[in-house]
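# A closer look at the structure
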Amino acid sequence: DYQTHDVIIDGCTFKDINGTGIRSVGWKSAQRFTDVKNIYIQNNNFYRCSDDGIRIGTGNADTLSKGNFNVINNFFYESDITVANPRTCGYKIANNLHVKIFNYAMSCRGSEFTVVNNEVSYGSYGMSDMGAIYAGRNMTSHGSVISKNLITNYGPAPKEPRSFPAGAIYLDDAVGGIT
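Residues numbered from 1 in each chain as written. Predicted model: local features only at pLDDT ≥ 70, side-chain atom pairs only at ≥ 80, totals over all residues. Heavy atoms only, no water.

### Brief notes about the sheet that holds strand β12 (residues 106-108)
With parallel pairing, six strands are arranged side by side in an open sheet as β3-β6-β9-β12-β15-β18. Because the sheet does not close on itself, it has two edges, and the strands there are β3 (20-24) and β18 (166-171). On average, adjacent strands in this sheet sit at an angle of 15° to one another, irrespective of strand direction. As paired strands, β3 and strand β6 (residues 52-56) are joined by four bridges and run parallel to one another. Bridge assignment links Ser-24 to a residue of β6, and that residue is Ile-56. (Pairing = 2+ DSSP bridges. Helix = DSSP H or I, 4+ residues; strand = E, 2+ residues; numbered from the N terminus. Axes fitted to C-alpha atoms, helices over the stretch in contact; angles between N-to-C directions.)

Here you go:
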């Protein structure tokens, strides 16, 4: 097994990145799952990361092994946080400021996650079927909390034929277990 663990990224600036600012995801091959554990991404600035500011996958929802992946006290401008793997388990996104977001600020997948005390301002420009905080597409999700977040000036997409609305917190198809 290859594992990423016990990492702190603190006080960095990521600007005009043609891709992802920080990418740390576990992967599954035929016989192994690589866990990403005890990661702290804190006090950083992300400006215009074209794919994601941060893309994470952590823990293992199959075994209920929590990853302890923490994204805390960061600033995001035209950048987002994506939890890529629905099998992710045990992460916290807290005390972050997101400004001028083109789609979602935080895409949350997996189980036993906490999204608390974040602020999102000005978002969803020209996009639909999403939210500032988005969760969906995981029928096994459980034990998660979305609480005490401030979302302002988050607007729906322009009315287009067959477009879906945008919501501040968007709980999409097949999601559950969120308090």
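### Things to note about the pattern of salt bridges
Counted under the stated rule, the structure contains four salt bridges. Residues Asp-16 and Arg-48 are paired through a salt bridge, measuring 2.7 Å at the closest nitrogen-oxygen approach. Placement of the pair is Asp-16 in strand β2 (residues 13-17) and Arg-48 in strand β5 (residues 45-49), with a sequence separation of 32 residues. On the accessibility criterion, Asp-16 (48% relative accessible area) is partly exposed. By relative accessible area, which is 32% here, Arg-48 ends up partly exposed. Of the charged contacts, one joins Asp-52 and Arg-55 as a salt bridge, the two residues approaching to 2.7 Å between their closest N and O atoms. By relative accessible area, which is 3% here, Asp-52 ends up buried. (Salt bridge = Lys/Arg side-chain N within 4 Å of Asp/Glu carboxyl O. Buried < 20%, exposed > 50% of the residue type's maximum accessible area, 1.4 Å probe, protein only.)

### Topic: the sheet that holds strand β14 (residues 119-123)
If you trace the six strands from one edge of the open sheet to the other, you get β2-β5-β8-β11-β14-β17, paired in parallel fashion. Looking at the sheet topology across the chains shown, the edges are occupied by β2 and β17 (150-154). Averaged over all neighbouring strand pairs, the angle between strand axes comes to 10°, with direction disregarded. Taken together, the four bridges between strand β11 (residues 97-101) and β14 define a ladder with parallel strand orientation. When the bridges of β14 are listed, Val-99 appears paired with Ser-121.

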